[in-house]
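What the coordinates show
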Amino acid sequence: MRIGELAAQADVSTRQVRYYEAKGLIRSDREANGYRDYDDIVLGRVLQIRELLGAGLSVQMIRCLLPCLESPCDPIVFDGVTPHMVLGLKAEVHKISQRIDVLIRNRDAVAGYLHELQLRSAG
């Protein structure tokens, strides 16, 4: 698929697709006319990248996780794991857990507020 189609299906801009490719997160083939051609599997990858970026992971950390995303298996095994990567992943897990805690508190506060509004409007 061409870049515009990929971008539309993933709900990202073509600029983002080019950025992901420039950072080595996705790959494309080039057609004879020079246009990028993406495999269908790249759509899933772009969606994963967006989720990971949304969770706060850096592009560098996502690049380190690519082997896990490319061939998920149980257990996940891939070459090239460094102590730096392990420390970085531990830090990311901690940051995500902190964000989850904040989101839970905010969700509970909003739900409590909504509940009170509904009680008052019913009476």
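Conventions and cut-offs
- Residues numbered from 1 in each chain as written.
- Predicted model: local features only at pLDDT ≥ 70, side-chain atom pairs only at ≥ 80, totals over all residues.
- Heavy atoms only, no water.
- Buried < 20%, exposed > 50% of the residue type's maximum accessible area, 1.4 Å probe, protein only.
- Helix = DSSP H or I, 4+ residues; strand = E, 2+ residues; numbered from the N terminus.
- Arc of directions from axis to C-beta.
- Axes fitted to C-alpha atoms, helices over the stretch in contact; angles between N-to-C directions.
- Parallel < 35°, antiparallel > 145°, perpendicular 65-115°, else oblique.
- Left-handed = near helix turned anticlockwise from the far one by under 90°.
- Contact = heavy atoms within 4.5 Å.
- Nonpolar A, V, L, I, M, F, W, Y, C, P; charged D, E, K, R; others polar.

This next bit is on helix 1 (residues 3-10). Where helix 1 is concerned, the buried positions are Ile3, Leu6, Ala7 and Ala10. Angularly, the buried residues of helix 1 cover 95° about the axis, an arc narrow enough to put them on a single face. In the segment just after helix 1, aspartate 11 is the residue with positive phi, at about 60°.

Once that is clear, we can look at the packing of helix 1 against helix 3 (residues 41-54). Their axes nearest at 10 Å, the elements helix 1 and helix 3 cross at an angle of 50°. In this view, helix 1 runs oblique relative to helix 3, as classed from their interaxial angle. Read as a crossing pair, helix 1 and helix 3 show a hand that is right-handed. On the side of helix 1, the interface is formed by Leu6, Gln9 and Ala10, while helix 3 contributes Val42, Leu43, Val46, Leu47 and Arg50. By residue class, the composition of the contact of helix 1 with helix 3 is 6 nonpolar, 1 polar and 1 charged.

Take it as geometry only, folks, not as evidence of what the structure does.
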